[in-house]
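These are the residues of each chain, in order.
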Amino acid sequence: MTPHKNDKSSRTTGRPTLNEVARLAGVSPITASRALRGVSSVATELVEKVQKAAQELNYVVNSAARALASAQSQSVVVLVPSLSNLLFIETLEAIHQVLRPKGFEVLIGNYHYSRDEEENLLRNYMTYQPRGLLLTGFDRTESSRRMIEANNIPCVYMMDLDSGAGLNCVGFSQLNAGETAARHLISRGRKHLAYVGAQLDQRTLLRGEGFRRALQEAGLYNPDLELLTPRPSSVGLGGELFLQLMQSQPQVDAIFFGNDDLAQGALLEAMRCGIKIPEQVAVLGFNDLPSSEHMVPRLSSISTPREAIGRRAAEQMLTLLAGNSVTEPVVDMGFELRIREST
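This structure is a prediction, so every number in the text was calculated from the model and none was measured.

Where nonpolar side chains cluster on the molecular surface, the patch consists of L83, L86, I89 and I108 and spans about 300 Å² of accessible area. For I89, the location among the structural elements is in helix α5 (residues 89-99). Look at I89 and you get partly exposed, because its relative accessible area is 30%.

Positionally, L220 belongs in the loop between α9 (202-217) and β7 (226-229). Considered as a pair, L220 and G166 are 54 residues apart in the sequence and their alpha carbons are 36 Å apart. Among all residues touching L220, those that are not within four sequence positions of it are I186, R190, K191, L193 and L215.

So, on to the nonpolar core. One finds L99, L134 and F211 to be the most contacted residues of the largest nonpolar core, which totals 42 residues. In terms of residues, this core owes the most to one element, helix α12 (residues 306-321), which gives seven residues. Residue contributions to this core reach at least three from each of two domains, namely domain 2 (72-171 + 305-332) and domain 3 (172-301). Setting aside residues no more than four positions away along its own chain, F211 makes contact with G178, E179, A181, A182, L185, L193, A194, Y195 and F256. Membership of the second largest hydrophobic core comes to 24 residues, among which are V252, V281, V283 and L299.

The next thing to look at is α5. Buried residues of α5: T91, L92, A94, I95, V98 and L99, and no others. Burial along α5 is one-sided: seen end-on, the buried residues are contained in an arc of 160°. Next to the buried residues of α5 lie β1 (75-80), β2 (105-110), β3 (132-136), β4 (155-159) and α12.

The next thing to look at is empty space enclosed by the protein. Summed over the entire model, instances satisfying the criterion amount to three cavities of 30 Å³ or more. Put simply, the largest cavity is a space of about 150 Å³. Lining of the largest cavity is provided by 15 residues; of these, L87, F88, R203, R207 and N287 occupy positions nearest its centre. When contributions to the lining of the largest cavity are tallied by element, the ones reaching two or more residues are α9 and β9 (282-287). Of all the elements, α9 adds the most residues to the lining of the largest cavity, at three residues. Each of domain 2 (72-171 + 305-332) and domain 3 (172-301) gives at least three residues to the lining of the largest cavity.

A word on the domain arrangement of the protein. Domain annotation for the protein reports domain 1 (16-67), domain 2 (72-171 + 305-332) and domain 3 (172-301). Each of domain 2 and domain 3 has a C-alpha centre, and these two points are 29 Å apart. Across the domain 2 to domain 3 interface the summed buried area is about 1200 Å²; carbon plus sulfur atoms make up 53%. Of all residues in domain 2, the largest losses of buried area upon contact with domain 3 belong to Y113, D160 and R306, amounting jointly to 38% of the total for that side. Applying the counting rule to domain 2 against domain 3 returns zero salt bridges. A breakdown of the residues in the side of domain 2 that touches domain 3 according to their chemical character gives ten nonpolar, four polar and five charged.

With that settled, consider the sheet that holds β1. Strand pairing within a sheet occurs via backbone hydrogen bonds; the two strands may be parallel or antiparallel. Reading across the sheet, the six strands line up as β2-β1-β3-β4-β5-β11 and stay open at both edges, with parallel pairing between neighbours. Unpaired on one side and paired on the other, β2 and β11 (330-332) mark the two borders of the sheet. Direction aside, the axes of adjacent strands within the sheet are offset by 15° on average. Judged from the six bridges that link them, β1 and β2 form a sheet pairing that is parallel. In the sheet register, V78 faces β2, and the bridge partner there is I108.

Let us now look at the confidence of the model for the protein. Looking at the protein, pLDDT values average 91 and 92% of them are 70 or higher. In the predicted structure, residues 1-11 sits below a pLDDT of 50 and forms 18 contacts with residues beyond four places in sequence or in another chain.

Under the definition given, this model contains 19 salt bridges. Close ionic contact of E118 with R140 constitutes a salt bridge, the shortest N to O distance being 2.8 Å. Residue E118 is found in helix α6 (residues 115-126), and its partner R140 is found in the loop between β3 and α7 (142-151); the two are separated by 22 residues along the sequence. Given a relative accessible area of 2%, R140 falls into the buried group. For R183, the salt bridge is made with E217, and the minimal N-O distance between the two is 3.7 Å. One end of the pair, R183, is in helix α8 (residues 174-187); the other, E217, is in helix α9, and 34 residues separate them in sequence. Assessed through its relative accessible area of 62%, E217 is described here as exposed. A single network of salt bridges, built from pairs that share partners, joins D288, E336, R338 and R340.

At a minimum axis distance of 8 Å, the contact between helix α1 (residues 18-25) and helix α2 (residues 29-37) shows a crossing angle of 100°. On the basis of the axis angle, α1 is roughly perpendicular to α2. Between α1, through L18, N19 and A22, and α2, the contact on the second element is made entirely by P29, A32, S33 and L36. Looking at the contact of α1 with α2, its residues break down into five nonpolar, two polar and no charged.

Cut-offs and rules
- Residues numbered from 1 in each chain as written.
- Predicted model: local features only at pLDDT ≥ 70, side-chain atom pairs only at ≥ 80, totals over all residues.
- Heavy atoms only, no water.
- Patch = residues over 30% accessible without salt bridge, like charges linked within 9 Å, V, L, I, M, F, W, Y side chains within 5 Å.
- Areas by Shrake-Rupley, 256 points an atom, 1.4 Å probe, with all protein chains shown as cover.
- Salt bridge = Lys/Arg side-chain N within 4 Å of Asp/Glu carboxyl O.
- Helix = DSSP H or I, 4+ residues; strand = E, 2+ residues; numbered from the N terminus.
- Buried < 20%, exposed > 50% of the residue type's maximum accessible area, 1.4 Å probe, protein only.
- Contact = heavy atoms within 4.5 Å.
- Core = buried A, V, L, I, M, F, W, Y, C linked by side-chain atoms within 4.5 Å.
- Domains from an automatic or database assignment.
- Arc of directions from axis to C-beta.
- 1 Å grid on protein atoms, 1.4 Å probe; cavity = no way out; pocket = protein on both sides within 12 Å on 5 of 7 lines; lining within 4 Å.
- Points joined across faces, edges and corners; volume = space filled by probe spheres on them.
- Buried area = accessible area lost by both parts, 1.4 Å probe.
- Nonpolar A, V, L, I, M, F, W, Y, C, P; charged D, E, K, R; others polar.
- Pairing = 2+ DSSP bridges.
- Axes fitted to C-alpha atoms, helices over the stretch in contact; angles between N-to-C directions.
- pLDDT = per-residue confidence, 0-100.
- Parallel < 35°, antiparallel > 145°, perpendicular 65-115°, else oblique.

Here you go:
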């Protein structure tokens, strides 16, 4: 189709325009825009017509132009510290499932547990004029905090809780999770309990603090039985740290690992070394990754509601984007101790 010469939305770059898609589909430009953004209120038959027209014309949505036209984009930025395992994938999937049908694009950033990298991502994504931010935890640079405050856009924090900060957050108490881990192992009659953590982000340290508090209350805390490293968490590292701990502290009879991949590595290394789990050493993980219940022995772990957190956080975001206040700004989704063969 030939665009009208007086059409302000006519192409000047040789690229097909939204108006051309709308005319070919026989709908208004507004309907075409909503259909291409996945807004659920558009009838299915109209969505199909618009998508067919867009495909026929090889039309690609110009998000930058849309943002300039409205002084605001339809995007929500989600920043997570890792995409290397399933830990945050379930959360991201849930966020996408909630926001996408409402016409919002999800921009994902992975800052690899680096506060400086998160700050750079925030600065770059702010140029897209996002409608909202979904952030992981509260540990970030002061520059990032100022940037978030200065841009004055809705923000929801995930995975941790802070009832005193006046922020919208959805998560669970990392401290309580660590305490629960210690009490479970103590209930099994263990006397020499160790905590092994990697990455050393704020949430890992809080879990360790909760574990330490419970041991101190029980009179069982030994600082020599804490093994912490800033190295990235992995199965291989878990096996390495398990062997290191057993060689330096052979009296250890229970270990709480800050992540499941570390605990899984410990189980594999124990099998190689002939160390019986849990007869000699009880092993407890954290996050309850899908593969943990299939380990040998099956790994006990603290299960975290990652999908539910993503869904609830996205729902909070929709409420804020609609201009409404959240009735329950701090949502504790809790956690569950999954007891299996390893403890």
